[in-house]
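Observations on the model geometry
Each chain is listed here by its residues.
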Amino acid sequence: MISHARSQKLFAEALKLIPGGVNSPVRAFRAVGGQPFFVDRAQGAHVFDVDGNDYIDYVGTWGPAILGHAPAKVVRAIQATAVHGTSFGIPNPLEVKMAKLVCAAAPSVRKVRMCNSGTEATMSAIRLARGFTKRDKIIKFSGCYHGHADSLLVKAGSGALTFGHPDSAGVPAAFTQHTIVLPFNDVESVKAAFTANPGQIAGIILEPVPGNAGLYVPLPGYLEFLREITKANDSLLIFDEVMTGFRLAWGGAQQRYNISPDLSCFGKIIGGGLPVGAFGGRSDIMDCLAPLGPVYQAGTLSGNPLALAAGICVLEELADGDAYNRLEALGAQLEAGLREAAKSAGVPVRFNRVGSMFCGYFTDRPVHNLEDAMAADRARFAKYFHGLLELGVYLAPSQFEAGFLSTAHTTAEIEHTIAAAAKVLKTL
Ligand SMILES: *Cc1c(COP(=O)(O)O)cnc(C)c1O
C-alpha cells in the first residue's frame, strides 16, 4: 500500500477549518470513499502528492489542463505578465487578443464578454437570453451541469449529482419555477414543452456533449433538432461549452457537430489553468449587455491579464500543430485498451468517448442520458477507482465525471494505464 500519511494529516486539519475539508465538493472523495490526497506539484500528465506518490492524471484539473500541467510556455507567459501588474480594472490589450481568438475559433461568436468562471458565464448568458427575448422560461436537461447559479441548479450533474441532491437547499422554489428540466436526447419532451409554453421560452441551455454525469453523446440529429425548434419559436440556443470548448475541436462541439448556437459559454481551457469564463454569440444579442443595453453584467477582475495571458498561450498552442489529431489518437488507444481489458476480465463496461473526453460506465446498457447513467454500478466504480489510484493512475473520484486526456500524455503512459486497469478489472 502506498502511504498517504501527510495527506491524511492535512485533511484532518482541513476538516476543522473548511466545510468537508474541500473548496469544491467532488474533491472530497465522498462518492468513492476514503480521503483525497493533497497535491504538492503537477507536471505534464503527472500529479505528485505531498507523500511523494506519482499519478498519471486523467482529471486535468477537471478539464483545463489540455496541454498537461505547467507547460513551460504558459508558465513563462504568466510570469512575464505578472511583472507588469496583475489587475487593472480598465481595458488591457490582452482582452482584444482573447476576443479575436474566441471569435476566430467559434464563428457563431461575433462578440464576447470575459468573466471569471464558468458559473458566471452561464448565469450571465441566461440573464442575457431572458433580457433579449423578454421571456422568463428556460429549458435545461437533467444531468447537465451549468455551474452553481440558482436557476440552473436543478437536476444538475457533477457534484450536485454525485451527492444525491440534484436540487440544492437554499434555492427558493420561486427561483427555479421558470426552469423546465427535460431528459437529454429526447425529442418529444422538448416539442411538448414548447407546445405547453407558447411564446414563453427564452432559450434552451445544454452541454452539447454532456460531460458532467460521466459522458454521453447527442444522438444523430438531436442537436440539429434543438437548433430548428429554437429558431422556429424565436428562442435562443445556448451551448454551454465550458468543458467542450477548445477540447473537442478548436471550435468546440459546435465545430465538431456543425451547429451554430445563438450564445456560447466558455471557461476551463480558455483560462489556461487560471480562473476564467466567457460568453458570446450573435452581435444583436450581445449588444443588449451594459453599457450598450439594459442587461447588467460586470466583474472587478474580468479580463484579468494573468488569466488571459495563460489562456491566450494555450489557445495559440492548440491553434497550430496537430493537438487534436494527437488527442484523438491517444483517446482511441485508451478506448481500445480499456474495452479489451474489460472484455477479458468479463466485467460489463459501456465506454463512451469523444476525442479526449471519456467515461467507462459499469453497466451493460447503452448510456444516452442521465437515467441510463444512473444504472451504473457505483460500488464497482469505487473499487476500480481505488485500485487504479494504488497503481498510480488518478481518475475523477466519481462514476459521474468525464476523464480527460492532454497532449502531454504519451502512448507509454496510456499503455501503463491500460495494464493497471486490466489488473484492477480482474479483481472486481
Ligand atoms: C465546469 C463547468 C461549469 C462551471 O464552471 P466553473 O468555472 O466551475 O464555475 C459550467 N458548465 C460546464 C459544462 C462545466 O463543465
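The coordinates are above.
Because the structure is predicted, anything quoted here is derived from the model rather than measured.

A word on the overall build of the chain. What the chain contains, in helices and strands, is 15 helices and 14 strands. Taken over C-alpha atoms, the radius of gyration comes to 21 Å for the chain, in line with the 22 Å a tight globule of 428 residues would show. For the chain, the spread of C-alpha atoms along the three principal axes comes to 60 × 55 × 45 Å. For the chain, the residues scored as buried account for 56% of the 428 residues in total. The contacts of the chain with a sequence gap of at least 6 include a subset with a gap of at least 24, amounting to 72%. Accessible surface computed for the chain: about 18000 Å², of which carbon and sulfur atoms make up 56%. Charge separation in the chain, taken as the distance between the mean sites of 38 positive and 37 negative side-chain charges, equals 2 Å.

Where helix H7 (residues 187–196) meets helix H8 (residues 222–232), the axes come as close as 11 Å, and the angle between the chain directions of the two elements is 10 degrees. One finds that H7 runs roughly parallel with respect to H8. Only Tyr 222, Phe 225, Leu 226, Ile 229 and Thr 230 of H8 make contact with H7, whose side of the interface consists of Val 187, Val 190, Lys 191 and Phe 194.

Once that is clear, we can look at the site of the ligand. As a matter of local geometry, the ligand sits amid Ser 117, Gly 118, Thr 119, Tyr 145, His 146, Gly 147, Glu 207, Asn 212, Asp 240, Val 242, Met 243 and Lys 268. Between the ligand and Thr 119, the relevant distance is 2.6 Å, taken from an oxygen atom to a side-chain nitrogen or oxygen of the residue. Asn 212 has a polar side-chain atom sitting 3.1 Å from an oxygen atom of the ligand.

Turning next to the pairing of strand S8 (residues 236–240). Burial within S8 is extensive, with five of its five residues counted as buried. The side-chain alternation of S8 yields two buried faces, one formed by Leu 236, Ile 238 and Asp 240 and the other by Leu 237 and Phe 239. When strand S7 (residues 201–206) meets S8, the two strands line up parallel, connected through four bridges. Counterpart to Leu 206 in the pairing with S8 is Phe 239.

Summarising the element assignment, Asn 185 is placed in the loop between strand S6 (179–182) and H7. Judged by relative accessible area, Asn 185 falls into the buried class, the value being 12%. For Asn 185, the side chain forms a polar contact with the main-chain oxygen of Val 217, separated by 3.0 Å. From its side chain, Asn 185 meets the backbone nitrogen of Leu 219 in a polar contact 2.8 Å long. Excluding anything up to four places from it in sequence, Asn 185 contacts Val 217, Pro 218, Leu 219, Tyr 222 and His 368.

Across the sheet, three strands lie side by side as S11-S12-S14; this open sheet has antiparallel pairing. Looking at which strands have only one partner, the edges of the open sheet turn out to be strand S11 (350–354) and strand S14 (403–404). Sheet topology note: the S11/strand S12 (residues 357–361) ladder contains five bridges and is antiparallel. For Arg 350, the partnering residue across the bridge sits in S12 and is Tyr 361.

In this section: the pattern of salt bridges. Summed over all chains, the structure comprises 13 salt bridges. As a salt-bridge pair, Lys 191 and Glu 188 come within 3.7 Å of each other at their nearest N and O atoms. Residue Lys 191 and its partner Glu 188 are both found in helix H7; the two are separated by three residues, about one turn of the helix.

We now examine helix H11 (residues 305–319). When the terminal C-alpha atoms of H11 are compared, their 20 Å separation across 15 residues agrees well with the 21 Å that a helix rising 1.5 Å per residue should span. Within H11, twelve of the 15 residues are buried, leaving the element largely enclosed by the surrounding structure. Listed as buried for H11 are Pro 305, Leu 306, Ala 307, Leu 308, Ala 309, Ala 310, Gly 311, Ile 312, Cys 313, Val 314, Leu 315 and Leu 318. Looking at the buried positions of H11, the neighbouring elements they touch are helix H2 (72–82), helix H3 (93–105), strand S4 (111–115) and helix H12 (323–345). With a side-chain oxygen positioned 3.1 Å from the backbone nitrogen of Leu 306, the residue opening H11 is Asn 304.

Turning next to the nonpolar core. For soluble globular proteins, the rule of thumb is that nonpolar side chains tend to be buried together. Ranked by size, the top nonpolar core spans 65 residues in total, and within it Tyr 58, Phe 246, Ile 270, Leu 318 and Tyr 384 carry the most contacts. Ignoring sequence-local partners within four residues, the contact set of Tyr 384 consists of Leu 338, Phe 362, Leu 395, Ala 421, Val 424, Leu 425 and Leu 428. With 38 residues, the next largest nonpolar core counts Ala 193, Ile 229, Ala 373 and Phe 404 among its residues.

The next point concerns the sheet that holds strand S10 (residues 277–281). What the seven strands build is an open sheet, ordered S4-S10-S9-S8-S7-S5-S6; its pairing is mixed. This sheet does not close on itself; its edge strands, each paired only once, are S4 and S6. Going from strand to strand, the sheet's axes swing by 20 degrees on average, the running direction of each strand aside. Strand direction decides the pairing type here: strand S5 (residues 137–141) and S7, joined by three bridges, are parallel. Looking at the pairing, Ile 138 lines up with Gly 203 of S7.

Turning next to unusual backbone geometry. In this structure, the amide linkage connecting Ala 290 to the following residue, Pro 291, adopts the cis form with an omega of 10 degrees. Position of Pro 291 among the secondary structure elements: in the loop between helix H10 (283–286) and H11. Positive phi is not limited to glycine here, since Asn 185 has a value of about 70 degrees. Unlike most non-glycine residues, Lys 268 shows phi in positive territory, near 45 degrees.

Parameters and conventions
Residues numbered from 1 in each chain as written. Predicted model: local features only at pLDDT ≥ 70, side-chain atom pairs only at ≥ 80, totals over all residues. Heavy atoms only, no water. Helix = DSSP H or I, 4+ residues; strand = E, 2+ residues; numbered from the N terminus. Rg over C-alpha atoms; globule rule 2.2 N^0.38 Å. Buried < 20%, exposed > 50% of the residue type's maximum accessible area, 1.4 Å probe, protein only. Contact = heavy atoms within 4.5 Å. Areas by Shrake-Rupley, 256 points an atom, 1.4 Å probe, with all protein chains shown as cover. Lys, Arg positive; Asp, Glu negative; His and termini not counted. Charge placed at Lys NZ, Arg CZ, Asp CG, Glu CD. Axes fitted to C-alpha atoms, helices over the stretch in contact; angles between N-to-C directions. Parallel < 35°, antiparallel > 145°, perpendicular 65-115°, else oblique. Near = heavy atom within 4 Å. Polar contact = N/O pair within 3.5 Å; in protein donor to acceptor, adjacent residues only side chain to side chain. Pairing = 2+ DSSP bridges. Salt bridge = Lys/Arg side-chain N within 4 Å of Asp/Glu carboxyl O. Expected span 1.5 Å × (residues − 1). Core = buried A, V, L, I, M, F, W, Y, C linked by side-chain atoms within 4.5 Å.

In short, geometric facts, not functional conclusions.
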